[in-house]
Amino acid sequence: MHVQPPVVVKRAFPGHPYSLDDGLGIRRIESDGRKQIEILALAPVLANHPIVEQAIRTRASRYAGIEMRSFAPVRVLERNGASLQIVTELPAGVRLSHLLAHVESTREVLPDSAVFELTALIVNAVASLHAWPGGCAHGAINPAHILIADDGRVVLTDGVFGAGLEALQRNRDALWREFRLAVPPAANLARFDQQTDVTQMGAVILALVLRRPLQAAEYPRGVS
């Protein structure tokens, strides 16, 4: 069974700037003549931070060899003055965040079977990344960064930002408020490792079970 999102769920139109409200920046969809690409103009809080940029570049270079159908590959990072753009290959599909918002606003029924299948696909995608040699982690898993492709697979996007976000040295509350990212409690500042991926995946699955996005006030204090 393939999870096929309704055609009325919000999609990005080629050439039109849009935001995922994830704190990372402004995006647009283009085509290079062969494949669909997404161009993300990184938000100033990230683009103007040299340590963050270096961490993102290092992560992108390290993950360049990952060949998984469930992981969207970064093609290039381009610096142009104060602007830093990240170009990623992206299949056609619907963001999980848009699907959840659509279900919440329209009260359409998302069957248990679809929730279970999406959960399994997400868990398998994250597990496949963790199984890649070198202790790979995503670090920025949330519904906005999970794409339900038109061919039925789940694709993890925005997988090179974890190390950069860690370099910002934000606490749990700030990471949730600014980037909608769940992180586990820790004595020190958050580490964007595989344990954090599991916490973020749990928050995504909770949103799926609830059939709606988690609200700003519901994490971290609202969730044990």
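Keep in mind that this is a model prediction, so the values were computed, not measured.

Calculation criteria
Residues numbered from 1 in each chain as written. Predicted model: local features only at pLDDT ≥ 70, side-chain atom pairs only at ≥ 80, totals over all residues. Heavy atoms only, no water. Buried < 20%, exposed > 50% of the residue type's maximum accessible area, 1.4 Å probe, protein only. Helix = DSSP H or I, 4+ residues; strand = E, 2+ residues; numbered from the N terminus. Contact = heavy atoms within 4.5 Å. Pairing = 2+ DSSP bridges. Axes fitted to C-alpha atoms, helices over the stretch in contact; angles between N-to-C directions. Expected span 1.5 Å × (residues − 1). Arc of directions from axis to C-beta. Phe/Tyr/Trp six-rings, centres within 6.5 Å; stacked < 30°, edge-to-face > 60°.

1. Describing helix α3 (residues 96–106)
Then comes step 1: Every buried residue of α3 is listed here: Leu96, Ser97, His98, Leu99, Leu100, His102 and Val103.
Then comes step 2: The inward-facing, buried residues of α3 abut β5 (93–95), α4 (112–131), β6 (146–149) and α7 (194–210).
Then comes step 3: Looking one or two residues beyond α3, the residue adopting positive phi is Arg107, at roughly 60°.

2. Re the sheet that holds strand β7 (residues 154–156)
Backbone hydrogen bonds hold the strands of a sheet together, and the pairing may be parallel or antiparallel.
Then comes step 1: Strand order across the open sheet formed by three strands is β5-β6-β7, with antiparallel pairing between neighbours. If you trace the sheet from one side to the other, it starts and ends with β5 and β7, each paired once. Sheet twist, expressed as the mean angle between neighbouring strand axes with direction ignored, is 30°.
Then comes step 2: Of the pairings in the sheet, the one linking β6 to β7 comprises three bridges and is antiparallel in character. Its bridge partner lying in β7, Ile146 is registered against Leu156.
Then comes step 3: Those strands touched by α3 are β5 and β6, and its axis lies near 70° from that of β5.

3. Quick word on helix α2 (residues 50–62)
Each α-helix turn comprises 3.6 residues. Residues three or four places apart therefore point the same way.
Then comes step 1: Its 13 residues give α2 an end-to-end C-alpha distance of 18 Å, which sits within 8% of 18 Å, the value for a rise of 1.5 Å per residue.
Then comes step 2: Within the sequence span of α2, burial applies to Val52, Glu53, Ala55, Ile56, Arg59 and Ala60. Projected down its long axis, α2 carries its buried residues within an arc of 165°, all on one side. Seen from the buried face of α2, the exposed residues on the opposite side, beyond 90 degrees, are Pro50, Ile51 and Ser61.

4. Points about the packing of aromatic side chains
Then comes step 1: Within this structure, the stated rule accounts for two aromatic pairs.
Then comes step 2: For the pair Tyr63 and Phe71, a centre-to-centre distance of 6.1 Å together with 65° between the ring planes defines the contact as edge-to-face. Like Tyr63, the residue Phe71 is buried in the burial classification.
Then comes step 3: Where Trp176 meets Tyr219, the ring centres are 5.0 Å apart and the plane angle is 45°; that geometry is what we call tilted. A residue pair is termed long-range when its members are at least 10 positions apart, and Trp176 in helix α6 (residues 172–179) and Tyr219 in the segment after α7 qualify at 43 residues.

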